[in-house]
Amino acid sequence: MSVREAQEVLKLYFGYDKFRPGQEEIISNVLAKKDTIVLMPTGGGKSICYQVPGLVMPGLCVVVSPLIALMKDQVEALLGNGVNAGYLNSSQSSKEQQLIEQQCFDGRLKMLYVSPEKLLSAGFFSFLKRLQVNLFAIDEAHCISAWGHDFRPEYLQLKNLKLQFPEIPVIALTATADKLTQRDIQTQLYLENPRVFSSSFDRPNIYLQVQPGQKRMEAILDFLEDRPFQPGIIYCLSRKATESLAQKLKEKGYNADYYHAGLSAKDRDKVQERFLQDNVQIMCATIAFGMGIDKSNVRWVIHYNLPKNLESYYQEIGRAGRDGAAAEALLFHSLADVMTLRDIITQGDNSKEQALSLAKLDRMQQYAESTSCRRKTLMHYFGEEFPRDCGHCDICDHPPTSFNGTELAQKILSAVARTKETIASAQVVDILRGSRNQMSLAKGYDKLKTFGVGRDLPPLEWQRYIHQLINQGLLEVAYDEHGALKLTKGSQDILFNGKKVELVKFQAVNPKEEKERAAKGKNRNPLATALFEHLRQLRKDLAQERGIAPYLVFNDNTLQEIAEERPTSKPAFLSISGVAQAKYEQYGEIFINAILTFLSQQSKAEQVKLKGATHLLTYEALKQGKSPEEISVERQLQLVTIFSHIATLFQQGYDVDLKPFLSESEYTRVHQAIVETGCTSAMKPIFEHLDCQIDYFKIRLALARFNKETATV
Ligand code: ADP
Ligand code: ZN
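Computed from a predicted model, the values in this text were never measured in an experiment.

Reading the values: the criteria
- Residues numbered from 1 in each chain as written.
- Chains lettered and ligands numbered in written order.
- Predicted model: local features only at pLDDT ≥ 70, side-chain atom pairs only at ≥ 80, totals over all residues.
- Heavy atoms only, no water.
- Helix = DSSP H or I, 4+ residues; strand = E, 2+ residues; numbered from the N terminus.
- Contact = heavy atoms within 4.5 Å.
- Donors = N, O, S within 2.8 Å, 3.2 Å for Na, K, Ca; no water.
- Tetrahedral: all angles 85-135°; square planar, octahedral: opposite > 155°, others 65-115°.
- Pairing = 2+ DSSP bridges.
- Axes fitted to C-alpha atoms, helices over the stretch in contact; angles between N-to-C directions.
- Domains from an automatic or database assignment.
- Buried area = accessible area lost by both parts, 1.4 Å probe.
- Salt bridge = Lys/Arg side-chain N within 4 Å of Asp/Glu carboxyl O.
- Polar contact = N/O pair within 3.5 Å; in protein donor to acceptor, adjacent residues only side chain to side chain.
- Expected span 1.5 Å × (residues − 1).
- Buried < 20%, exposed > 50% of the residue type's maximum accessible area, 1.4 Å probe, protein only.
- Phe/Tyr/Trp six-rings, centres within 6.5 Å; stacked < 30°, edge-to-face > 60°.
- Lys NZ or Arg CZ within 6 Å of the ring centre and 35° of its normal.
- Near = heavy atom within 4 Å.
- Areas by Shrake-Rupley, 256 points an atom, 1.4 Å probe, with all protein chains shown as cover.
- Parallel < 35°, antiparallel > 145°, perpendicular 65-115°, else oblique.
- Left-handed = near helix turned anticlockwise from the far one by under 90°.
- Nonpolar A, V, L, I, M, F, W, Y, C, P; charged D, E, K, R; others polar.

Here we look at the side chain of arginine 536
So, step 1. Relative to the helices and strands, arginine 536 is located in helix H25 (residues 526–546).
So, step 2. Those residues in contact with arginine 536, other than ones at most four positions away along the chain, are Phe229, Asp278 and Leu559.

A short note on the coordination of the zinc ion (ligand 2)
So, step 1. Taken together, the protein donors to the zinc ion (ligand 2) comprise Cys373 (SG), Cys390 (SG), Cys393 (SG) and Cys396 (SG), at separations of 2.3 to 2.4 Å.
So, step 2. For the zinc ion (ligand 2), the 4 donor atoms are set out with angles of 100 to 120° between them, so the coordination reads as tetrahedral.
So, step 3. Taken in chain order, the donor set of the zinc ion (ligand 2) reads C-x16-C-x2-C-x2-C. Linking cysteine 373 in the loop between helix H16 (351–368) and helix H17 (374–381) with cysteine 390 in the loop between H17 and helix H18 (394–397), this pair joins segments that are 17 residues apart in sequence.

Quick word on the sheet that holds strand E10 (residues 256–259)
So, step 1. Spatial strand order, E8-E13-E12-E9-E11-E10: 6 strands in an open sheet with parallel pairing. Two strands bound the open sheet, and with one partner strand each, they are strand E8 (206–212) and E10. Taken over all neighbouring pairs, the strand axes of this sheet differ in orientation by 20° on average, direction set aside.

Details of the domain arrangement of the protein
So, step 1. Domain annotation of the protein identifies domain 1 (3–198), domain 2 (206–397), domain 3 (401–505), domain 4 (523–607) and domain 5 (614–711).
So, step 2. Distance from the C-alpha centre of domain 2 to the C-alpha centre of domain 3: 30 Å.
So, step 3. A buried area of about 1,000 Å², summed over both sides, lies between domain 2 and domain 3, and 64% of it is on carbon and sulfur atoms.
So, step 4. It is Leu335, Met339 and Glu369 in domain 2 that bury the most area against domain 3; as a group they hold 45% of the surface buried on that side.
So, step 5. There are 0 salt bridges connecting domain 2 and domain 3.
So, step 6. Summed over the shared surface of domain 2 and domain 3, the number is 1 residue pair in polar contact (both at pLDDT 80 or more).
So, step 7. Among the secondary structure elements, those contributing two or more residues to the side of domain 2 that touches domain 3 are E8 and helix H15 (335–346).
So, step 8. Top contributing element to the side of domain 2 that touches domain 3 by residue count: H15, with 4 residues.

Regarding helix H4 (residues 68–80)
So, step 1. Helix length check: H4, at 13 residues, gives a terminal C-alpha distance of 18 Å against a target of 18 Å (1.5 Å per residue), a fit within 8%.
So, step 2. Elements in contact with the buried residues of H4: helix H1 (3–14), helix H3 (46–56), strand E3 (85–88), strand E4 (111–114) and helix H28 (581–600).
So, step 3. One or two residues past the end of H4 sits glycine 82, with phi positive at roughly 85°.

Here we look at the environment of aspartate 394
So, step 1. Along the polypeptide, aspartate 394 turns up in helix H18.
So, step 2. The exposure class of aspartate 394 is buried, given its relative accessible area of 11%.
So, step 3. With 98 residues separating them along the chain, aspartate 394 and serine 296 place their C-alpha atoms 24 Å apart.
So, step 4. The residues contacting aspartate 394, other than those within four sequence positions of it, are Tyr207, Leu208, Gln209, Val210 and Arg374.

Topic: the packing of aromatic side chains
So, step 1. All chains considered together, the criterion is met by 18 aromatic pairs.
So, step 2. Residues phenylalanine 124 and phenylalanine 127 carry aromatic rings whose centres are separated by 5.2 Å and whose planes lie at 50° to one another, so their mutual orientation is tilted. With phenylalanine 124 and phenylalanine 127 both in helix H7 (residues 124–129) and 3 residues apart, the pair spans about one turn of that helix. Across the pair, phenylalanine 127 and phenylalanine 124 agree in class, each one buried.
So, step 3. Counting every residue linked through ring pairs, the aromatic cluster contains Phe554, Phe573, Tyr584, Tyr587 and Phe591.
So, step 4. Note that arginine 705 overlies the ring of tyrosine 667, its terminal NZ or CZ placed 3.8 Å from the centroid.

With respect to the site of ligand 1
So, step 1. As a matter of local geometry, ligand 1 sits amid 16 residues, with Tyr16, Lys18, Gly43, Lys46 and Ser47 nearest to it.
So, step 2. Here tyrosine 16 contributes a side-chain N or O atom positioned 2.6 Å from an oxygen atom of ligand 1.
So, step 3. Within the backbone of glycine 45, an N or O atom sits 3.1 Å from an oxygen atom of ligand 1.
So, step 4. In the complex, 81% of the free accessible area of ligand 1, which totals 570 Å², lies under the protein chains.
So, step 5. Considering every element that reaches the shell around ligand 1, the biggest residue donor is H3, with 3 residues.

Observations concerning the packing of H15 against H16
So, step 1. The interhelical angle for the contact between H15 and H16, taken along N-to-C directions, is 165°, at an axis separation of 10 Å. Comparing their axes, H16 and H15 come out roughly antiparallel. In this structure, H15 crosses over H16, and the sense of that crossing is right-handed. Contacts between H15 and H16 pair Leu335, Val338, Leu341, Arg342, Ile345 and Thr346 from the former with Gln354, Ser357, Leu358, Leu361, Asp362 and Gln365 from the latter.
So, step 2. A per-class count over the contact of H15 with H16 returns 6 nonpolar, 4 polar and 2 charged.

What follows is the structure, encoded as structure tokens:
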């Protein structure tokens, strides 16, 4: 058993050319029959680490997984890749279970997923002893730790695996990184000198960004406008907020829905399902949403409100980009949110817990107000070294510059002093900007010397400088006095002793730049963008027909590559990353046909750019006098694909003759059906209208002729 075999399995069953960093070493360790612990972030590619060796070694790989929904998805994905997999859990009938058990006995099954309850149920070990088990994989292994929040008592019994099957290697995998959990996994599972593989918990594909919370609704609409159809989650603090936000987005024409723990279990399932199926684009949700759901193509996560700590934040943004394709996290930050969260925390009565929660909230706030690389700040918080700046966050994109802000600081501090330290930051800004609102007039603030001294700067900019003074300890927030700002010892030095203050220059979000960034790295090419959308719809339809999640057809990365590369032959299609042999057989030609149809509908100018496209190879072959049947055999493409090339060629104005394939009387019949159904691209209605009497390929040709003739009229 070699790494080479592992590589072949990776290509054949998963369609990938290379392992990700770490995967190969892990797999070699497992193939050497050694116990292994894998700590890898969500989306890092843990499944491959046990699936590949499980497939390379003779026999059956048994996977213990606690979440029934995820188990089903994994099995579905494996089946789609041509791997014979099955699961056993309490949701099945005994008949279904028997069927799977029989497949185990026959040696047909390669990958068996079981719930811990099932594994520990009476007689199951003796069942396993009659089989050739090659590996035990324990997924979500942190569930074994009584310290963690996902503790599952059944997991403690998993130590019996090693006692009963000492010679079978065990691989334990988790996305939880802390040392305590790691130690628990090792000792509780009775693993033998396991090698621990711990990869960075960074999620490099997620772009990190923070924006001021003042005009978040407008900002969200801007954000959405640049990301049509991309599925995403907006996390809100309250249930009510999820509902009203979803409502507002719907009014703007977006396909949005909401989810919170106040909905009935049935409604929650329904909403979740619709999101999984790509039938809802935007999910406005409380943090109750996302646990135990496996939607790998969430493209962005927005935090409408500041989360209560960085642990939650990181977990929530981690739901984006699990497929490894580009994803984004946008956080809105406002002091009002900080106050609300403080109120919530201080309502508890355990003072020790409160102090800890408040300290964590402080770190969250510092992150939001950070002036250095966001990813670095995050990784340091989680105890990981991160020596360089990431180059993939808003701070790295717009490195802040500092300036002598003494005068600005003095203006702020003197406004605070002159109002006797009784007002919050928003009112300080009002005074500086000279807003004649009710409050200012009623309290006589308009008579203050500082009233209106800061008209030259926008409110947002003043807010930022106030934040910075707070962070530098030059102002304090009295949370128990509605956020009133208080002077500190340091502020006296600035006001009275002329001490200097460095501030970081405020940079407003530049909508144009933001738009460019949104477009960058994705589909720069408009043709690819349009084709991606076209294929995404096809993927959705195919998934719906088969009752599976769209990403199980092809994930976003793969679909993206298809849209860019436009493969129209079998070898070209198989060379796309993520297209396994079995996937090609199920979907390859459907997608090839869709690509060709799409391309044939493009303008002439676009078509010129497509020189060398494979329909041109068909054209050459036709010119050499080959028949469509011969070309089909030669090029390993189905006959209908060749006809679809011919249709494309005809429509693009190449001199191909349709007569040998489509008689005049056939054309007349299809022509009539086109007119009667009004369909000029979809073939199925025409096919049915003609009582399924005329072959699809003929309809395809007739449509090409029809469209060409009507276009030139
Ligand atoms: P995890 O279980 O760690 O959250 P998954 O095993 O679901 O992550 O993998 C996340 C994504 O990365 C999946 O879409 C998977 O197909 C993809 N992936 C895993 N390994 C590779 C690889 N070597 N090359 C390309 N994509 C990979
Ligand atoms: Zn950065």
